[in-house]
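Observations on the model geometry
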Amino acid sequence: MSDDFSARLALPYLAAGQMQKHVTLNTALTRLDALLQTAVVSRTTAAQPESPSGGDLYILPDGAEGEAWHGRPAGALMRFEAGGWSVVPAPDGLIAVVLDTAEAVVRTPGGWRLLGEWLGEAQQLSRLGVGTTADAANPVAIKANAALLTARGEDEGGDGDLRLTMNKAGAGDVLSLLFQSGYGGRAELGLIGDDDLSLKVSQDGSEWRRVFGVDRTTGRIAFDQGAARLETAVFTLDGLYTPPPWARWIEAVCIGGGGGGSAGAAGPAGTARLGGGGGGAGGFSRARWAGAALTGTLAITVGVGGESGANGSESHIALGGKTLLRATGGLGGSASSGAGGTGGLGLAQFANDGGGSSISAAAETSESLTDPQGAGGGGGGGGLSAGDTAFAGGEGGVGAIVAVQAPGGAAGGAGQASSLPELSWVGGGGGGGNASASGAGEAGGAGADFGAGGGGGGAGLTAGGAGGKGGAGLVRITAFG
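Residues numbered from 1 in each chain as written. Predicted model: local features only at pLDDT ≥ 70, side-chain atom pairs only at ≥ 80, totals over all residues. Heavy atoms only, no water.

1. Quick word on the overall build of the protein chain
Definition in use: Strands are runs of DSSP state E lasting at least two residues, helices are runs of H or I lasting at least four, and both sets are numbered from the N terminus onward. A radius of gyration in this sense is built from C-alpha atoms; the matching globule rule multiplies 2.2 Å by the number of residues raised to 0.38. Two residues form a contact once any of their heavy atoms are found within 4.5 Å.
Counting secondary structure elements, the protein chain contains two helices and 22 strands. By the compact-globule yardstick of 23 Å for 481 residues, the protein chain is too spread out, its C-alpha radius of gyration being 46 Å. C-alpha extents for the protein chain along the principal axes are approximately 160 × 55 × 40 Å. Looking at the protein chain alone, contacts between residues at least 24 apart form 51% of all its contacts between residues at least 6 apart.

2. A look at the packing of aromatic side chains
Convention followed: Here is the rule: rings of Phe, Tyr and Trp (six-membered ring for Trp) pair when centre to centre is within 6.5 Å. Planes less than 30 degrees apart are stacked, more than 60 are edge-to-face, and the remainder are tilted. Only protein chains enter the area calculation, which uses a 1.4 Å probe; residues under 20% of their type maximum are buried, those over 50% are exposed, and those in between are partly exposed.
Under the definition given, this model contains seven aromatic pairs. Ring centres of Phe235 and Tyr241 lie 6.5 Å apart, and the angle between their planes is 90 degrees; on these two criteria the pair is classed as edge-to-face. With respect to burial, Phe235 and Tyr241 carry one shared label: buried. A connected cluster of aromatic rings, assembled from ring pairs, spans Tyr58, Trp69, Phe80 and Trp85.

3. Focus on unusual backbone geometry
Here the bond from Asp449 into Phe450 is cis, since omega is 20 degrees, no more than 30 degrees from zero. Note on placement: Phe450 falls in the loop between β21 (322-327) and β22 (474-480). Despite not being glycine, Ala102 has its phi angle at roughly 55 degrees, a positive value. On the secondary structure map, Ala102 appears in the loop between β5 (95-98) and β6 (103-108). With a relative accessible area of 70%, Ala102 lands in the exposed category. One non-glycine residue with positive phi stands out, namely Tyr183, at about 60 degrees. A residue is classified by how much of its surface remains accessible, and Tyr183, at 76% relative accessible area, is exposed.

4. Quick word on the nonpolar core
Just so we agree on the cut-off: Throughout this description, the term nonpolar core refers to a set of buried Ala, Val, Leu, Ile, Met, Phe, Trp, Tyr and Cys residues connected via side-chain atoms within 4.5 Å.
Counting 20 residues, the largest nonpolar core has Tyr241, Ile300, Ile317 and Ile477 as the members making the most contacts within it. The set of elements that each furnish at least two residues to this core consists of β15 (230-235), β17 (249-255), β18 (284-290), β19 (298-301), β20 (315-319), β21 and β22. Ignoring sequence-local partners within four residues, the contact set of Ile317 consists of Ala252, Cys254, Trp289, Leu298, Ala299, Ile300, Lys322, Thr323, Leu324, Leu325, Val475 and Ile477.

5. Some details on the pairing of strand β13 (residues 208-214)
Condition: Paired strands, in this sense, are two strands between which DSSP finds at least two bridges.
Relative to β13, strand β12 (residues 197-202) runs antiparallel, the two sharing six bridges. Bridged to Leu197 within β13 is Val214. Counted along the chain from β12 to the antiparallel partner β13, the turn is five residues long, and its residue Gly205 has a positive phi close to 85 degrees. Note: β13 against strand β14 (residues 221-223), three bridges, orientation antiparallel. Pairing of Phe212 across the sheet is with Phe223, part of β14. Two successive antiparallel strands, β13 and β14, enclose a turn made up of six residues, where Gly219 displays a positive phi of approximately 80 degrees.

6. A few points about the pattern of salt bridges
The condition that has to hold: What counts as a salt bridge is simple: a side-chain nitrogen of Lys or Arg found within 4 Å of a carboxyl oxygen of Asp or Glu.
Tallied over the entire structure, the rule returns 13 salt bridges. We note a salt bridge from Asp224 to Arg210, for which the minimum N-O separation is 3.0 Å. With Asp224 in the loop between β14 and β15 and Arg210 in strand β13, this pair connects stretches of sequence that are 14 residues apart. Take Arg210: its relative accessible area is 32%, and that puts it in the partly exposed class. Note that Arg229 and Glu231 form a salt bridge whose closest N and O atoms lie 3.2 Å from each other. Owing to a relative accessible area of 43%, Arg229 belongs among the partly exposed residues under this scheme.

7. A closer look at a negative patch on the surface
Quick note on the threshold: A patch is a set of surface residues, each over 30% in relative accessible area and not in a salt bridge, joined within 9 Å for like charges and within 5 Å for the nonpolar side chains Val, Leu, Ile, Met, Phe, Trp and Tyr. Here, Shrake-Rupley sampling with a 1.4 Å probe gives the accessible areas, and only protein chains in the shown set may cover a residue. Charged-residue counts in this description rest on Lys and Arg as positive and Asp and Glu as negative, His and the chain ends being excluded. In plain terms, the charge of a residue is placed at NZ if it is Lys, CZ if Arg, CG if Asp and CD if Glu.
Taken together, Glu154, Asp155, Glu156, Asp159 and Asp161 make up a surface patch of like negative charges. Of note, Asp159 is situated in the loop between β9 (140-142) and β10 (174-181).

8. Observations regarding a nonpolar patch on the surface
Among the surface-exposed residues, Leu149, Leu162, Leu164, Met166, Leu177 and Phe179 lie close enough to one another that they form a single nonpolar patch of about 650 Å² accessible area. In this fold, Phe179 is placed in strand β10.

9. Let's talk about the sheet that holds strand β2 (residues 57-59)
This is how the line gets drawn: The angle between two axes is taken between their N-to-C directions and runs from 0 to 180 degrees, where each axis is a line fitted to C-alpha atoms and a helix contributes only its stretch in contact.
Read across the open sheet, the three strands follow the order β2-β3-β4; overall the sheet is antiparallel. Because the sheet does not close on itself, it has two edges, and the strands there are β2 and β4 (84-87). Put simply, the sheet's adjacent strands are angled 25 degrees from each other on average, direction ignored. When strand β3 (residues 77-81) meets β4, the two strands line up antiparallel, connected through four bridges. Paired with Glu81 across the two strands is Gly84, which belongs to β4.

10. Things to note about the sheet that holds β19
The sheet built from four strands is open, its strands ordered β16-β19-β20-β21 with antiparallel pairing. At either end of the open sheet lies a strand with only one pairing partner, and these are β16 (239-241) and β21. For this sheet, the mean inter-axis angle between neighbouring strands, taken without regard to orientation, is 25 degrees. Taken together, the five bridges between β20 and β21 define a ladder with antiparallel strand orientation. Pairing of Ile317 across the sheet is with Leu325, part of β21.

Next up, the structure:
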């Protein structure tokens, strides 16, 4: 131990009988002023300040410049006092606050180090707040825009793994990650009141719905609301469709346009006159493809319904100019023979035919059973016998007779659309018009969208009834993910 200076801070001692004791005392006080509650202006400023304030302290970085700073070693603690700079010996363990960076550093044998880095650990903390204030309810609170947890690699003394372990006291307790928006709960993932992993979501933070649960004993997952994603696109006009990248399967339905019912004949009393034949229904086709197989945009063509006596047109889906699926339009009814039009061709069978006319009985009702899931054909128009007996038109065929039925129209009435279009898409056929022995025949009813045939017009004395228009086609595509 020196008789002249203190052992750790090197404060000068007063000697017995010393003259000018105030000089020694002031030197000791000046050093204490620097080393107690030490606060340095900066530890990165390399240029010696031109107008420092009395008492300013700096930790010199590498390459410090200035009359008093040049040549000083990095880490030297410099103090400005009474117009001059002096080095303050800094003992190991001295803690200093760096004002320009708001950090604390500690003097070590290897130089100045950040206090937290030097400490290495903090044990038994009751609260920790980062960017915010922790409280009793949230003893650990972090307010930041990003956070990182990364594994310690083998070159750093670790093994490269990172495992975050959380534990709850018992099966009936909660261990979860709660996701909030505006401090209102929106999703919760974890062991929520039991030991099975589950995910719950909420629209408002009060009412919660479970999305899935994983049975811990079997590993099986149960989706409470279903797991499949699906989107449906309905085309009533030509267009383009690009399968979404998430789609595992694409299901497509094509319905051709319905044929138009033919107009009824007209002529003088005493001659036989046929009503117009009902239009045939458009074809019905359905297919499913793997989403990965559809590598481009699909071109969609939607068939239109035939006008009076005209054929409906085809609906189809094409990829790169090659047709993947088609449903042909129904044929229009015949005016000359009164025969009903043939139903269009679907993927597996023909669609329902239109009903024919007769001069000796009521006109035929359209077919509904040739294609029991397809649209109904149009009813035949009523005919007139040579004895001027007027016969009734035939009813339109029922659409999707084995599913959600779309009723056909009564004589002269329009067909009806499906009451549940999300489950069954085809329509009912138009009813054939009644014949008239005293004036114009009744017009045939229009076929409903989608794909139904129009009813044939009734025969008449002065004019035949016009044939009903066929229903428009449809293309419906559903993507499953």
